[in-house]
Amino acid sequence: VSHLLMGIVAVLAFVLNYLALQDRESTLQVAIADRPLSAGALLSIDDVRLVPVPSDYDGLGSMLTEEELGSPDGWVLERAVPADGVIGQGALVQPGAPSGLRAMSIPSEIEHAAGGGVVPGDRVDVISTSGDEAVYVVSDIEVIAVADPSSAAFGAIGAYHIVVAVDSEQALLIAAAIEDGSVEILRSTGAEPIDGAGD
């Protein structure tokens with residue numbers, strides 16, 4: 001009898017395990033807001049919880065699944081999501097710049113931007129040459145995009161530019177230098193930051 005009972009328990013365990021696996025395969029975990037999330041907020045894994053949704057649900061393709069949850073880390077919510085609201089993939093946008101900074105374009109002639117040798121990921125300094133002397137406006141800021149140097153060929157005006165990540169104060173300093181029409185961009189990747197630049 002004891003052997004028979006052990007056999008029955010083993011069969012039941014196998015059946016329950018099989019049903020559990022089948023149930024997992026028939027659903028996917030999707031992210032919903034654990035609390036109200038405002039538009040413009042950075043999405044954090046701590047802001048969501050996972051709930052099961054049938055894998056054949058028609059709207060599943062627009063939802064943020066467990067597998068995809070890690071990929072948009074640090075992305076921004078384009079619109080507000082209420083508590084218990086589903087977080088759709090369309091509600092997420094990439095931030096303008098990393099680390100909560102702002103993205104700003106600096107127009108320049110190629111010969112005044114390290115000969116067009118600046119690439120995304122570089123660090124640059126910006127110099128203003130207005131007045132009687134040149135001064136460092138900002139130092140050691142990150143380049144996040146660069147215009148194709150070929151677009152500035154044949155004397156095209158304003159075609160070449162770099163996009164940098166700046167804080168609000170740096171943006172104002174660079175804007176003033178651009179307004180003066182006296183910007184020089186130095187590729188400073190690997191160089192020591194300039195003391196006092198942007199202060």
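Bear in mind that the values here come from a model prediction, so they are computed numbers and not experimental data.

## Some words on the pairing of strand β6 (residues 123-128)
Most of β6 sits inside the fold, with five of its six residues counted as buried. Examined bridge by bridge, β6 and strand β7 (residues 135-146) share five bridges and lie antiparallel to one another. Looking at the pairing, S128 lines up with V135 of β7. In this structure, the hairpin formed by β6 and β7 is closed by a connection of six residues, where G131 is found at a positive phi of approximately 80°. Relative to strand β9 (residues 183-187), β6 is paired through five bridges, and the arrangement is antiparallel. The residue of β9 that forms the bridge with V126 is I185.

## A word on the sheet that holds β7
One open sheet holds the five strands; their spatial order is β5-β8-β7-β6-β9, and the pairing between them is antiparallel. Since the sheet does not close on itself, it has two edges, and those belong to β5 (102-107) and β9, each with one partner. Taken over all neighbouring pairs, the strand axes of this sheet differ in orientation by 45° on average, direction set aside. Of the strand pairs in this sheet, β7 and strand β8 (residues 161-166) are connected by four bridges, and their pairing is antiparallel.

## Structural notes on the side chain of D47
The topology assignment puts D47 in the loop between β1 (27-33) and β2 (48-54). Reaching out from D47, the side chain makes a polar contact with the side chain of R35 at a distance of 2.5 Å. Not counting residues within four places of it along the chain, the set of residues in contact with D47 comprises I32, A33, D34, R35, L37 and L42.

## Details of the nonpolar core
In this structure, I106, V124, I141, I162, V164 and I174 are the most contacted members of the largest nonpolar core, which totals 20 residues. Of all the secondary structure elements, the ones that give two or more residues to this core are β5, β6, β7, β8, α2 (168-180) and β9. A per-element tally of this core places β7 first, with four residues. If near-sequence neighbours (up to four positions away) are discounted, I141 is found in contact with D122, R123, V124, V126, V164, A165, V166, Q170 and I174. In terms of nonpolar packing, the next biggest core, distinct from the first, is built from eleven residues, L37, V48, V81 and I87 among them.

## Observations regarding the pattern of salt bridges
Evaluation of the coordinates by the stated rule reveals five salt bridges. One salt bridge in this structure joins R49 and D34, with 3.0 Å as the shortest N-O distance. Highlighted residues: R49 in strand β2 and D34 in the loop between β1 and β2, separated in sequence by 15 residues. On the basis of relative accessible area, D34 is assigned to the partly exposed category, the value being 39%. Linking R49 and D84 is a salt bridge whose minimum nitrogen-to-oxygen distance equals 2.6 Å. Of this pair, R49 sits in strand β2 while D84 sits in the loop between β3 (76-77) and β4 (92-93), and the two are 35 residues apart along the sequence. Where salt bridges share partners, they join D34, R49 and D84 into one cluster.

## A short note on the confidence of the model for the protein
Low-pLDDT portions of the prediction should not be read for the details of their coordinates. Looking at the protein, the pLDDT average stands at 80 and 77% of residues meet or exceed 70. Per-element confidence in the protein is highest for β6, whose mean pLDDT is 94, and lowest for helix α1 (residues 2-25), whose mean pLDDT is 59. Residue range residues 152-158 is modelled with pLDDT below 50. Its contacts to residues more than four positions away, or to other chains, number four contacts.

## Digging into unusual backbone geometry
Even without glycine at this site, A114 takes up a positive phi of about 55°. Within the fold, A114 resides in the loop between β5 and β6. On the accessibility criterion, A114 (39% relative accessible area) is partly exposed. Positive phi is not limited to glycine here, since D140 has a value of about 60°. In this structure, D140 sits in strand β7.

Criteria and cut-off values
- Residues numbered from 1 in each chain as written.
- Predicted model: local features only at pLDDT ≥ 70, side-chain atom pairs only at ≥ 80, totals over all residues.
- Heavy atoms only, no water.
- Buried < 20%, exposed > 50% of the residue type's maximum accessible area, 1.4 Å probe, protein only.
- Helix = DSSP H or I, 4+ residues; strand = E, 2+ residues; numbered from the N terminus.
- Pairing = 2+ DSSP bridges.
- Axes fitted to C-alpha atoms, helices over the stretch in contact; angles between N-to-C directions.
- Polar contact = N/O pair within 3.5 Å; in protein donor to acceptor, adjacent residues only side chain to side chain.
- Contact = heavy atoms within 4.5 Å.
- Core = buried A, V, L, I, M, F, W, Y, C linked by side-chain atoms within 4.5 Å.
- Salt bridge = Lys/Arg side-chain N within 4 Å of Asp/Glu carboxyl O.
- pLDDT = per-residue confidence, 0-100.

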